Amino acid sequence: MTSNATLPLPELSIDNLLCTSALSTEDIHNVFQTANVLKAGRDQHTAVLRNKRLAMIFEKDSLRTRFTFDIGMQDLGGSVVFMDHRDARLGSRESVKDMARNLERWVDCIVARTFKHKVLNELAANADIPIINGLSDFVHPCQALADFMTLGEKWGDLRGRTITYVGDGNNTCHSLIYTAAKLGTHIRACSPEGYEPNARVVNEAMRVAQQTGAEISILNDPAAAADGTDAIYTDVWASMGQEDEIEERNGVFASYQVDSTMMARAKPDALFMHCLPAHRGWEVTQDVMDGPQSIVYDIAENRLHVQKALLALLIR
Ligand code: CP
Ligand code: NVA
């Protein structure tokens, strides 16, 4: 194999990745297929994005998203400019529209991590280059793609399996619901009352699920949600931007901690998942995080491969 092996690049039905709800089931499988080829030959596709440039604008901290997009772009022969926007939200110095219209003259793609999802829509509406959502208050699409790519590696067929998400009905939960619906994977989302996922997301996913055979349940009882499931997923109780609610949330979510008792309710070979960063001792115990059922670092690894696939498929 040469160091610049040809990478099959199937057409996607989307120009931007703002939310997995916009992807078809076939698109998702095409992303996985491309990611698998890139993973199998990490150093064999070094010219796919030669002379292509990526801008990354982050309003929030990041380890995984920032590193994997940067390293992924370099793996494919492209370059990256990172703009740290933690001290000033996008649109504060100049309009989002003007930022988009400048950036599209210089780079071939933008990855943005924002507080407000509508900022991503605005970037996409005003830039004639792909916009990729690196996490917003609403969804975390790259995460869900890496989650399901990893489950595909573990399980083979994703259809008919059940994932239980326990915790805040947040961005991570929304993307899991949207993506599970597309892939025919059953999902139970279990949150305290008042912290359930957005009803619009659930209704939209339920409509998709009618076609794919996925079952979507919204629950409040963690024991019932964990019962006989194939995987248990959790995320932080207070997301970035909710730091002033931490104390209150730690109380509300206390009985939603994923511990060995909860894992024992699931199937014996059930997997433990977390998007990370994890707060050990809060939403998950140390023993579950580090235990044999945990696949958290496999998922983190696949962020790299799935995002390389997205970059290769979206930048043309
Ligand atoms: N899971 C995830 O997106 O991690 P970062 O916040 O570190 O990017
Ligand atoms: N729900 C978390 C995910 C971090 C990857 C947050 O938004 O902070």
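Owing to the predicted nature of the structure, the values given are computational and were not obtained by experimental measurement.

(A) Broad picture of the site of ligand 2. Around ligand 2 lies a shell formed by Leu135, His140, Asn170, Asn171, Thr172, Asp235, Val236, Ser239, Met240 and Leu276. Here an oxygen atom of ligand 2 sits 2.8 Å away from a polar atom, N or O, in the main chain of methionine 240. Protein contacts shield 95% of the accessible area of ligand 2, which totals 270 Å² for the unbound molecule. A class-by-class count of the residues in the shell around ligand 2 yields 4 nonpolar, 5 polar and 1 charged.

(B) How the structure looks around the packing of aromatic side chains. One pass over the full model with this rule turns up 6 aromatic pairs. Here tyrosine 165 and tyrosine 233 contribute two aromatic rings whose centre-to-centre distance is 5.9 Å and whose plane-to-plane angle is 40°, an arrangement assigned as tilted. Within this pair, whereas tyrosine 165 is found in strand β5 (residues 162-166), its partner tyrosine 233 is found in strand β8 (residues 231-234), the two being separated by 68 residues in sequence. This pair shows no difference in class: tyrosine 165 is buried, exactly as tyrosine 233 is. Plain terms: the ring middles of phenylalanine 253 and tyrosine 256 are 6.3 Å apart, the flat faces sit at 70° to each other, and that makes the pair edge-to-face. A residue is classified by how much of its surface remains accessible, and phenylalanine 253, at 0% relative accessible area, is buried. By relative accessible area, which is 6% here, tyrosine 256 ends up buried. Feature note: the residues Tyr195, Trp237, Phe253 and Tyr256 constitute an aromatic cluster, connected by ring pairs. Over the aromatic face of phenylalanine 82 sits the side chain of arginine 66, whose NZ or CZ is 3.4 Å from the ring centroid.

(C) Examining the site of ligand 1 more closely. Taken together, Ser62, Leu63, Arg64, Thr65, Arg113, His140, Gln143, Cys275, Leu276 and Arg303 are the residues near ligand 1. Measuring from an oxygen atom of ligand 1, one finds a side-chain N or O atom of threonine 65 at 2.7 Å. One of the side-chain nitrogen or oxygen atoms of arginine 113 is found 2.8 Å away from an oxygen atom of ligand 1. Starting from 250 Å² of accessible surface for ligand 1 in isolation, the protein chains cover 96%. Grouping the amino acids of the shell around ligand 1 by side-chain chemistry returns 3 nonpolar, 4 polar and 3 charged.

Calculation notes
Residues numbered from 1 in each chain as written. Chains lettered and ligands numbered in written order. Predicted model: local features only at pLDDT ≥ 70, side-chain atom pairs only at ≥ 80, totals over all residues. Heavy atoms only, no water. Near = heavy atom within 4 Å. Polar contact = N/O pair within 3.5 Å; in protein donor to acceptor, adjacent residues only side chain to side chain. Areas by Shrake-Rupley, 256 points an atom, 1.4 Å probe, with all protein chains shown as cover. Nonpolar A, V, L, I, M, F, W, Y, C, P; charged D, E, K, R; others polar. Phe/Tyr/Trp six-rings, centres within 6.5 Å; stacked < 30°, edge-to-face > 60°. Helix = DSSP H or I, 4+ residues; strand = E, 2+ residues; numbered from the N terminus. Buried < 20%, exposed > 50% of the residue type's maximum accessible area, 1.4 Å probe, protein only. Lys NZ or Arg CZ within 6 Å of the ring centre and 35° of its normal.

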